[in-house]
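Examination of the molecular architecture
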Amino acid sequence: MAAPVMQTCHVACCANRTPNVLSWGRGGIIAFGTCNSVALYSPQVKRNVVAVLNGHRGRVNSVQWVYRDDSPENHLVSGGSDNRLIVWAATKDDNFSQCLECVGHTGPVSAVDAIYLEDPTQILVASAAADSTVRLWLSEGSQVECLHTLSFGSGFMMDVSLVLLPGSRVPILACGGNDSRVHIYVLFNGELNKVMSLQGHEDWVRGLEWASIDEELLLASCAQDCMIRMWRLREGAGSDARPEDNHSIIRMKEDVFEVKERVFAVSLETVLAGHENWVYGVHWQPPRYEGGRRLQPLSLLSASMDKTMILWAPEEASGVWVEQVRVGEVGGNTLGFYGCQMGPDGSMIVAHAFHGALHLWHKRQDREWSPGVVMSGHFNAVQDLSWDPEGEYLLSVGSDQTARLLTPWKQKDGTQTSWHEISRPQIHGYDMQCLATVGRFQFVSGADEKVLRVFRAPRNFVENFANISGASLDKLLASSDAADLPEGASTPALGLSNKAVFQGDLAPKIHEQQEQLSCVSDQYRETYFHPLNLTEPPPEDHLLQNTLWPEVQKLYGHGFEMYCLASDSANTVVASACKASKAEHAAVMLWSSASWRQLQSLPCHALTVTQMAFSPDAQLLLAVSRDRTWSLWRRDPPTPDSAEPNFSMYTHTDKDTAVHSRIIWSCDWSPDSRYFVTSSRDKKVVIYLMAVGLDSGKILLYKWSPPQEPTGGHDWTKCAETDLQGPGAPSRARGELASAGADHAVKIFNVNRHTLEAND
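Residues numbered from 1 in each chain as written. Predicted model: local features only at pLDDT ≥ 70, side-chain atom pairs only at ≥ 80, totals over all residues. Heavy atoms only, no water.

Looking at an unreviewed UniProt entry, one finds the chain named Elongator complex protein 2 and attributed to Gadus morhua. Recorded in UniProt for the chain, the comment headed Sequence similarities (unreviewed entry) runs: "Belongs to the WD repeat ELP2 family." Taken verbatim from the UniProt record of the chain, the Pathway (unreviewed entry) comment is "tRNA modification; 5-methoxycarbonylmethyl-2-thiouridine-tRNA biosynthesis." (UniProt positions renumbered as here; feature names shortened; annotations may be inferred.)

So this is what it looks like as structure tokens:
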């Protein structure tokens, strides 16, 4: 069988900014919502996204595996802002496909949970939504039925958790919401009855989870009062006072209820205080199985907006629950954690933060916890990307106000190579819109501001890039003029410009530390850079603080927010364009990459120039616009009077000669610089190998053979297409194709050129 033309080798994405969006399966796969999709991520084996499940038409807010005893999961449930739940089932090729959907909620689904019933083909699903209801669904095969709907009036339930009562197959449901209570329901004989409400929290209940221990249940709840409360449910009658009781011992009050003529009692087990901000998530360590017996470790993980996760466990001697481990971030300008999960064997823990980043820790052999390598990605639409001229790394910018750099991590043992983010060169205060690389270690970026900013890689990045990618450090330093490189960069607390940090700036200034603050600005010190010696991709806190690139130049001249950028292959000229509603603002500006002086203003279009592209031989510049026309500019031969580049109009279309009838979105060149291609909203690609990104999220790979005469489109050959992945624009380098989309993801594909040639 011939090798496929295209294969996905990396997906860079992050979790949506909702509390219940991530679930870690017993099979070792982390499922999380990313934009309108569910990503399946292997944190240990492949260290990459292994599948992306598409089906929701709105943001995915909640994801939950349906756990099985001591075996990988066969089902996954997700809920989204499209008011739907989707049940995904495992396929024969170890993938997952949509098997059914639950429709009935009239508001975004915020929380889901699911368990198998006595019949393993039956799945009981609970969902909470913004329509102030909680619904119970019964899934069997390809059929689904809404069994019950609980209405909470003007209140909202923030989380739900399902479990089976000890010694029976009777489901019990816990709901926690904005009334600061935990409501308990029992499903028996087809009826869903409320048996009690647990009080104690003083603010919204944010998270719930059951754990089954022998013949008892433990329920952990967390809330915005910064507290975690643990409740014990056991079989047996409870009483406030009995004659045989020892009245010198303080006992917790028990609430009781009956099911099948059996009495169950619920009491408060303990209250855990250790977090300093809202607690958003609690998660029990998964059970292990020995000799067919199910053993539940007494270990609870919690995550909070105070940027920490705490691992709680009872002391062996006293049985009192205490803090065992605390991990998290220190400093920085980020918010805290939205949720947490523990790996199947309890040796790894993960949290997802307010900005979608995953934070992974693993237990070392000395039983200490240390940060681990984990995937990352943009948390909003990715607007533009650009390859390094050598194809060794990829830069992307997005509406999350960041620029991110991806490169393959070549591990020293040679076992595998995986793509990872190793630098965040720019963290801005405006949404990023465009970028262009200029040489090996320099790029220009544009955002929703009138200024272009030029960045250059510091020495610390070049050294770490060589360590991680396996490239020659001497060769890299030779290509980046190492004599003038600063060590790194830092950002003032109230500024937007990355300031260079040199070797001399790293020495401690003891006398300055001893001085008292002399003015108000001294209270807002810079987020200071600390040089790193990396042999593996850095964790999130290092990406935020220690991988910035210094800003070397600002370029002024545009009257409105930046929209697109391009640079030539000779690394001599950068072209820029801004948003425009009049011809006077729609001119393309050219900048010298040697002096960063404005060279020319090229007027032609009446509305925003949407994309530009220099020909591979750097002699022509193509621009396309919202005004449905394109323009072509030619580099003039150098003259004795001026060695700087100069471009003049070669040809263009107007209203009468325009081929496209709608806005032209993109353009590119053939490798020989003889042909160019434009694509438009009118669904036309007007005029080798070419990739077309559609608004449906697919990427189509076409080959074009220049005809002797016009053929009406029959000279195009479709070679391959990708699955749905969100709208995107492709960018090509060597045998790899990268795309950036409004689904917050950057995808990298391997293109097999040998297969393409064999198909000729």
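Some remarks on the UniProt feature "repeat: WD" (unreviewed entry) in the chain
Using the residue numbers shown here, the UniProt feature "repeat: WD" (unreviewed entry) corresponds to residues 53–88, 198–241, 375–405, 602–633 and 657–688. Annotation note: span residues 375–405, helix share 0%, strand share 48%, distance between end C-alpha atoms 12 Å. Between the C-alpha atoms that bound residues 602–633 the distance is 9 Å, and the span itself is 0% helix and 53% strand. (Helix = DSSP H or I, 4+ residues; strand = E, 2+ residues; numbered from the N terminus.)

Let's talk about the side chain of Ser615
With respect to the helices and strands, Ser615 occurs in the loop between strand S47 (609–614) and strand S48 (620–625). Those residues in contact with Ser615 that sit more than four places away from it in its chain are Ser569, Leu620, Trp669 and Ser673. (Contact = heavy atoms within 4.5 Å.)

Some words on the environment of Asp93
Residue position: Asp93 is located in the loop between strand S8 (84–90) and strand S9 (96–103). We classify Asp93 as exposed; its relative accessible area is 58%. Within the local environment of Asp93, its side chain forms a polar contact with the side chain of Thr91, the two groups lying 2.3 Å apart. (Buried < 20%, exposed > 50% of the residue type's maximum accessible area, 1.4 Å probe, protein only. Polar contact = N/O pair within 3.5 Å; in protein donor to acceptor, adjacent residues only side chain to side chain.)

A short note on the nonpolar core
Counting 26 residues, the largest nonpolar core has Phe461 and Trp549 as its most contacted members. Breaking this core down by element, the ones donating at least two residues are strand S34 (394–398), strand S35 (402–410), strand S37 (432–437), strand S38 (442–447), helix H1 (459–469) and helix H2 (473–479). The biggest single contributor to this core is H1, with 5 residues. Ranked by size, the runner-up nonpolar core spans 22 residues in total, among them Val163, Val205, Trp210 and Leu217. (Core = buried A, V, L, I, M, F, W, Y, C linked by side-chain atoms within 4.5 Å.)

Thoughts on the sheet that holds strand S2 (residues 22–24)
Strand pairing within a sheet occurs via backbone hydrogen bonds; the two strands may be parallel or antiparallel. The strand order across the open sheet built from 4 strands is S2-S3-S4-S5, with neighbouring strands paired in antiparallel fashion. The open sheet has two edge strands, S2 and strand S5 (48–54), and neither has a second partner. Here the strands of the sheet are splayed against their neighbours by 20 degrees on average, with no regard to which way each runs. The pairing of strand S4 (residues 37–42) with S5 spans 6 bridges and is classified as antiparallel. The partner of Ala39 across the bridge, within S5, is Val52. (Pairing = 2+ DSSP bridges. Axes fitted to C-alpha atoms, helices over the stretch in contact; angles between N-to-C directions.)

Focus on the pattern of salt bridges
Throughout the structure, instances matching the rule amount to 24 salt bridges. Residue Lys579 is joined to Asp448 by a salt bridge in which the shortest nitrogen-to-oxygen separation is 3.9 Å. Of this pair, Lys579 sits in the loop between strand S44 (573–578) and strand S45 (588–592) while Asp448 is found in the loop between S38 and strand S39 (452–456), placing the two residues 131 residues apart along the sequence. Assessed through its relative accessible area of 33%, Lys579 is described here as partly exposed. Ionic contacts of the salt-bridge type, sharing partners, join the residues Asp400, Arg404, Glu421, Arg424 and Glu540 into one network. (Salt bridge = Lys/Arg side-chain N within 4 Å of Asp/Glu carboxyl O.)

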